[in-house]
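The lines below spell out each chain.
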Amino acid sequence: MNHDDAFPPPSPATRLAHPDDPWTRQGFVNPPVVHASTVLHPSLDALLRDDVPYSYGRSGTPTSEALETALGQLDGAAGVRLAPSGLAAITMTLLSVLKAGDHLLVSDSVYGPTRRFSDQMLARFGIAVDYYDPCIGSGIAELLRDETRLVWAESPGSLTFEMQDLPALAAACRAREVLLAVDNTWATPLYCRPLALGADFSVVAATKYIVGHSDAMLGAVSAGPRGWAALQRGARLLGSCAAPDDVYLGLRGLRTLDVRLERHQRNGLEVARWLQQHPAIAEVRHPALPDDPGHALWRRDFSGASGLFAVRTRPCSQAALAACLDGLRYFGMGYSWGGFESLILPARLKGLRTATPMPANEGGWWLRLHVGLEQSGDLIADLDEGLKRLLSY
Ligand SMILES: *Cc1c(COP(=O)(O)O)cnc(C)c1O
C-alpha cells in the first residue's frame, strides 16, 4: 500500500484487503506458498553473513513472513511468530519467557490445555504455577511475588466467559516488571488489541476465526517491545514452525475475517437473546449482552463480539439433553470453533478450577455454542425444536 502523510491510515478492514504491496511480486495479489527447507546462498560471503532475509525453511519464508506482517499490523506488534497450532503458540510463549525458579500466575478460567501444560510440564521444570480469580483486576498486585515473571490472561474465559480487566492487569504487571500474556482467540486482533491495552504478548489460535473454515491448525503470538526478543529467541530454539499450506489458509482467512466476524457477532447475539427468554434456559453468558457481568469491560476494551458463548439449561437429565442435542440439524457436536458452521457442546468443567468455585450447574448443563455463518432464523428454528424435545422428554 502507498502511505503518504496526508492520506488517513487504513482501517483494520481495509488493511485486511491490502496487507502488503503486490508490486513486490509482479502484481500477483496473493503471496506465493513457498514450500522450503533448503535456501541457497549465492556466495560464501553471503552464506557467512547473519543478516540474510531467509536462511532455512524452518526460520521463515515469504509465506510465513506475509502472515506475520499482516498480524503484526493488526496487533501493533514489535514482532510475530507462528506456530503449528494455537496450543503450540501458547507453549512457545510460556517456554520463551519462563525459567526454573520463576512464578507464573494463570487465570482460573483459562483454556484447559494451557492449565494442563502449566501443571504437568512447567512444574517439572521448576516453575511455580498459581491460579487467580479471573475477575481480580488490579487485585493481582497482591499476588505478584519477587519471582513472578509472567501473568497469563484470557478474556473472556474459556467455557465460562468471565471478562478480565486487561488494562488493570497490565498496569499492575508493569509496576513490578512482570510480563502479561493474553489469549485473544475469542476476539481476534480485530475486536481486541491486547498489546494496545498494555499486554506484552497476544496469542491467538488462528485455527479458529483466522483460518475460519475448520480445515487447518495454526497459532500466532504477537509480542510488544518488552517481549519480542524473548519470543524471537524462544521460537528459534524450539524449532517449531507452521506448515506453508496452513499459513496460506491463515492468510486467505484474514481477507474475509472482518465480514465473517460481523455475521458471527450478529447471529450470535440474535441466538443468545432468543435463548435468554427460553423457558429451558436458566442463564446466558455472553459479554455483549447488557446484563452480562462483564459487559462494561467488554464495551470499554473490545470493539466487537464473536459467535462463541455459553448457556446453562434448567435442571434436566442427560437423556433429555441427548434428545435435544442428538437431533439438531445445523449445530454439530465437535471440538474447536471459529469455522463457518455452528457447533454446540456440553462444557466439561470438572478439574478446571482451583482458585475460585466452578460456576454451579444447579442440576442443569453448561453448553457452549458457536454460532456460525448460517441464516440465524434457521439456527433458532433448529434450537427451538431441540429445546422442545428437551422439555417434553
Ligand atoms: C482452541 C483454543 C486454543 C488452542 O488452539 P488449537 O489450534 O486448537 O491448538 C487456545 N486458546 C483458546 C482460547 C482456544 O479456544
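Provided above is the structure to which this section pertains.
Worth saying up front: this structure is predicted, and the values here are computed from it rather than measured. (Residues numbered from 1 in each chain as written. Predicted model: local features only at pLDDT ≥ 70, side-chain atom pairs only at ≥ 80, totals over all residues. Heavy atoms only, no water.)

## Structural notes on helix 11 (residues 318-326)
Residues of helix 11 that are buried include every one of Ala320, Leu321, Cys324 and Leu325, and no others. Down the axis of helix 11, the buried set is contained in an arc of 125°. They therefore lie on one face. The exposed residues of helix 11 that point more than 90 degrees off its buried face are Gln318 and Asp326. The elements touched by buried residues of helix 11 are strand 10 (343-346), strand 11 (366-370) and helix 12 (376-391). (Buried < 20%, exposed > 50% of the residue type's maximum accessible area, 1.4 Å probe, protein only. Helix = DSSP H or I, 4+ residues; strand = E, 2+ residues; numbered from the N terminus. Arc of directions from axis to C-beta. Contact = heavy atoms within 4.5 Å.)

## Focus: the site of the ligand
The environment of the ligand is made up of 14 residues, and the closest members are Gly86, Leu87, Asp183, Thr207 and Lys208. Here Leu87 contributes a backbone N or O atom positioned 2.8 Å from an oxygen atom of the ligand. Between the ligand and Trp337 there is a distance of 3.3 Å, counted from an oxygen atom to a side-chain nitrogen or oxygen. Burial of the ligand by the surrounding chains reaches 91%, relative to a free accessible area of 380 Å². For the shell around the ligand, the element with the highest residue contribution is helix 4 (residues 86-97), accounting for 3 residues. Partitioning the shell around the ligand into residue classes produces 6 nonpolar, 5 polar and 3 charged. (Near = heavy atom within 4 Å. Polar contact = N/O pair within 3.5 Å; in protein donor to acceptor, adjacent residues only side chain to side chain. Areas by Shrake-Rupley, 256 points an atom, 1.4 Å probe, with all protein chains shown as cover. Nonpolar A, V, L, I, M, F, W, Y, C, P; charged D, E, K, R; others polar.)

## Focus on the side chain of Asp292
Here Asp292 shows up in the loop between strand 8 (281-285) and helix 10 (295-301). One buried charged side chain, Asp292, makes no salt bridge at all; its nearest oppositely charged neighbour is Arg285, positioned 6.1 Å away. A distance of 3.0 Å separates the side chain of Asp292 from the backbone nitrogen of His286, its partner in a polar contact. Those residues in contact with Asp292 that sit more than four places away from it in its chain are Val284, Arg285, His286 and Pro287. (Lys, Arg positive; Asp, Glu negative; His and termini not counted. Salt bridge = Lys/Arg side-chain N within 4 Å of Asp/Glu carboxyl O.)

## Remarks on the packing of helix 11 against helix 12
Contact geometry of helix 11 with helix 12 gives a least axis separation of 7 Å together with a crossing angle of 160°. Comparing their axes, helix 12 and helix 11 come out roughly antiparallel. In the crossing of helix 11 with helix 12, the sense of the turn from one axis to the other is right-handed. Facing helix 11, whose interface residues are Ala320, Leu321, Ala323 and Cys324, helix 12 presents Gly386, Leu387, Arg389 and Leu390. Split into classes, the residues belonging to the contact of helix 11 with helix 12 amount to 6 nonpolar, 1 polar and 1 charged. (Axes fitted to C-alpha atoms, helices over the stretch in contact; angles between N-to-C directions. Parallel < 35°, antiparallel > 145°, perpendicular 65-115°, else oblique. Left-handed = near helix turned anticlockwise from the far one by under 90°.)

## Re the sheet that holds strand 7 (residues 219-223)
Pairing in this open sheet of 7 strands is mixed, and the strands run 1-7-6-5-4-2-3 from one edge to the other. Since the sheet does not close on itself, it has two edges, and those belong to strand 1 (79-83) and strand 3 (128-132), each with one partner. The sheet shows a mean angle of 20° between the axes of neighbouring strands, taken without regard to direction. Pairing analysis gives 4 bridges linking strand 2 (residues 103-107) to strand 4 (residues 148-154), with the strands arranged parallel. Each bridged residue has a counterpart across the sheet, and for His103 the counterpart in strand 4 is Thr148. Taken strand by strand, helix 3 (residues 62-75) contacts strand 1, strand 6 (201-205) and strand 7, and its axis lies near 130° from that of strand 1. In the packing of helix 8 (residues 228-238) onto the sheet, the strands contacted are strand 1, strand 6 and strand 7, and the crossing angle to strand 1 comes to about 30°. (Pairing = 2+ DSSP bridges.)

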